[in-house]
Structure formats: C-alpha cells, structure tokens
Amino acid sequence: MAPSSWQSVLTLNEKREPIAGSTDKLNVAIRRGADLRIYTEFRHNEHLVPGAENDELVEEVSEFRVTYLIDNRWSAGIMTLRQPIEPPYGFGPRPSMSFFMYNQNGQQAIARPYLDKEPVTGKPGPSPLEVPANMPKYHALDNWDAGTRGPSHNFIYDFGEYRFCVRDDWRELLHHDENGKVLSGSLDEFADSFRTGCELKVGITNLCEDLSRDDSSLPHEVFIQLGPGYYHTQTRIFSAGSHPLVRVLPNIPLQYASRNWDCGWLMPRTDGFLARQLLDPLTQEFVKSESKHAMRWFVR
C-alpha cells in the first residue's frame, strides 16, 4: 500500500449488509494498528433537520481516533474529539463531547458527557426510550443515565451506505508482555524511530477488563495514538502520554450502558506499567489508577 493512502476495506448498504470488502479485511487492518475513518450518507431532512424541505444528499466522513479489536474478531471505533455540531449552521445547544461509536455491523451509539453547568435532573440507570420525531430511519435500542452529566444510548441509523476506510501504514516495532518481557521486535529499533520524530501508537491488551463487574471481560486490544514520548537512556524505559480516549466494557457488539465506560488519558510504559487518569462521566471527577498490560508499539 502506498504511504499515507486510505483504502476502503468494508462497505455496508442501508440494511447494513456487506456489499464490498469484508469484516476480515477490516479486522486484519485494525489488528495492525490501522487508522479508521467511516463514510456515511443521508438526506438533510431525514437526519439533520427532520421534516425540513431540504432533501439534499449529505456525505459525511468521521474519524475514529480510538479503535477496538474484541476477541480477535470484532472491530469498533469511537470518535474522541467531537463536539456536537449542526452542519452547516454551527454548534448544538449544549457543549459536550460526542463520543459516537460505530461497530463493524453498523450498530452505533453515543455517550455525551456535558461540559456546561446545567443541573442534573436524572439518576444513573435505565431510562425511558426516546424516539425522535420525523426520523423513521433512526432506531433507538436503549437509553441510559438520562438527565445526568454523562448520558448514553445505543441505536441504528439507516445510512444510505457505510464505508469503512483504513490507513494501514503503521509499523509494529515492539511487543512485550505485562512485565515488559520482549516478545518480538526491539526497544532499540523503536527508540531509533522515536528519535527521528515518527508518530507513535500503542495497542494495549485488555485495557478495559476492570470495567467488568464479574471478571468475564472478553479479550480485547485498544489502539490509541501517543503524544509526547520520553526515553530514559540509562534505565531503558520508554513512556508516553496518550491522546484522549474512551474506555468501554468489551462486548460484541460494543455498546454503552450505565457505568460501563469512562474517558481520559493514559501513560503507557515499555515495562508493562500503565498510569491512568480517567473521568467518571456521572460524577465528572478524575481518578488516578495503575495497571499492567501487554502492549504493542507502532511508528509511522
């Protein structure tokens, strides 16, 4: 594949049936650390302004900065930097993060931690199903934590097309277990690439297993890009600050529920150590914690 190129590896129709590519191709790319963007299309008056006269076709491509590979067979992505907007007019009525999630079968979800100071009017847990008016292509599946600081729900919108596009040009240079034992690759080669200014990415094994209440979490790997990196040349430890990410209890399909997700930042280290600063979406309090994981390190 040519450097910096994007390739469509899976296309679904409005019924979410595969019409090109395959989920196997998508999973292989995500397993290699590939970046993910998804193309969709819809009518303006069926999605953006329901019931309006404007019926023009709108094309959307969104980036999914954190990707999941669950049980080595199921891919999902989450938007982590999105504020709610009402294109082409401006922003939505309340500032929040819009953590949209898409699964490989087209099932979608959103978690929306609010950033304003509006009072809390609800309690955590299942909430009444909300079905938007004049949106026959929108199918609500559930509703969680309505009226709190961090509501979420799962749904399906019948987009005209879903096109999963990947940029599959990351190189895996180091793989170690949760104690830092090298399983493949080389810390020296990774450090050499780091010094040249390469972009960095990490895949963390079973990052979200502590979100399970009964220790039955599915095996999974979460991929996130890294920002500033630090190589300690005498102790030979590399660490980095992650981009913001969303953690969700792994399931097939991946979906939000009450108290099964959080968000924040990580500091992974090549000895398997992971420092975490995570936001509880219901209390909006940050909690620091530590864990140990097998990790794979990529450069571009």
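Every value quoted in this text rests on a predicted model; they were computed, and no experiment measured them. (Residues numbered from 1 in each chain as written. Predicted model: local features only at pLDDT ≥ 70, side-chain atom pairs only at ≥ 80, totals over all residues. Heavy atoms only, no water.)

Student: Help me out: how do you make sense of the overall build of the chain in this one?
Tutor: Broken down by element type, the chain carries 3 helices and 23 strands. The C-alpha radius of gyration of the chain comes to 20 Å, within 12% of the 19 Å expected for a compact globule of 300 residues. For the C-alpha atoms alone, the extent of the chain along its principal axes is close to 65 × 45 × 35 Å. Across the chain, contacts joining residues at least 24 apart in sequence account for 58% of those joining residues at least 6 apart. A total accessible area of about 14300 Å² is found for the chain, and carbon and sulfur atoms account for 51% of it. (Helix = DSSP H or I, 4+ residues; strand = E, 2+ residues; numbered from the N terminus. Rg over C-alpha atoms; globule rule 2.2 N^0.38 Å. Contact = heavy atoms within 4.5 Å. Areas by Shrake-Rupley, 256 points an atom, 1.4 Å probe, with all protein chains shown as cover.)

Student: Would you mind going over the domain arrangement of the chain with me for this structure?
Tutor: By a widespread convention, an interface's size corresponds to the accessible area lost as its parts come together. Domain parsing of the chain yields domain 1 (6-165) and domain 2 (171-299). For domain 1 versus domain 2, the separation of C-alpha centres amounts to 24 Å. The interface is formed by 38 residues belonging to domain 1 together with 33 residues belonging to domain 2. Between domain 1 and domain 2, roughly 2900 Å² of surface is buried when both sides are summed, and carbon and sulfur atoms account for 60% of that area. Area buried by domain 1 at its contact with domain 2 is led by Arg65, Tyr68 and Ile70, which between them contribute 20% of it. Between domain 1 and domain 2 we count 1 salt bridge in total. For the pair domain 1 and domain 2, the interface holds 17 residue pairs in polar contact (both at pLDDT 80 or more). (Domains from an automatic or database assignment. Buried area = accessible area lost by both parts, 1.4 Å probe. Salt bridge = Lys/Arg side-chain N within 4 Å of Asp/Glu carboxyl O. Polar contact = N/O pair within 3.5 Å; in protein donor to acceptor, adjacent residues only side chain to side chain.)

Student: What's the story with the sheet that holds strand β13 (residues 161-167) in this structure? I'm lost.
Tutor: In sheet architecture, strand pairing relies on hydrogen bonds along the backbone and comes in two forms, parallel and antiparallel. Taken in spatial order, the 5 strands make up an open sheet running β2-β1-β13-β3-β4, and their pairing is antiparallel. Two strands in the sheet have a free side with no partner beyond their single neighbour: β2 (18-21) and β4 (57-64). The average angle at which neighbouring strand axes cross in this sheet is 15°, direction not considered. Bridging between strand β3 (residues 35-43) and β13 involves 6 bridges; their strand directions are antiparallel. Bridge pairing in β13 links Arg37 to Cys165. With respect to the sheet, helix α1 (residues 23-31) is in contact with β1 (7-13), β2, β3 and β13, its orientation differing from that of β1 by roughly 140°. (Pairing = 2+ DSSP bridges. Axes fitted to C-alpha atoms, helices over the stretch in contact; angles between N-to-C directions.)

Student: Help me understand unusual backbone geometry in this model?
Tutor: Only a minority of non-glycine residues have a phi that is not negative, and only a minority of peptide bonds are not trans. In this chain, Pro87 is followed by Pro88 through a cis amide linkage whose omega measures 0°. Here Pro88 shows up in the loop between β7 (85-86) and β8 (90-91). That bond from Ile252 to Pro253 is cis: its omega, -5°, falls within 30 degrees of zero. Relative to the elements of secondary structure, Pro253 occurs in the loop between β19 (245-248) and β20 (261-268). For Asn206, which is not a glycine, the phi torsion comes out positive at approximately 55°. Turning to its location among the elements, Asn206 is positioned in the loop between β16 (200-205) and β17 (220-232).

Student: Would you take a moment to explain the sheet that holds β20 for this structure?
Tutor: The strand order across the open sheet built from 4 strands is β19-β20-β21-β22, with neighbouring strands paired in antiparallel fashion. Two strands bound the open sheet, and with one partner strand each, they are β19 and β22 (285-292). Strand-to-strand twist in this sheet, taken as the mean axis angle between neighbours without regard to direction, amounts to 40°. Here 4 bridges tie β19 to β20, and the two strands are oriented antiparallel to one another. Paired with Val246 across the two strands is Cys263, which belongs to β20.

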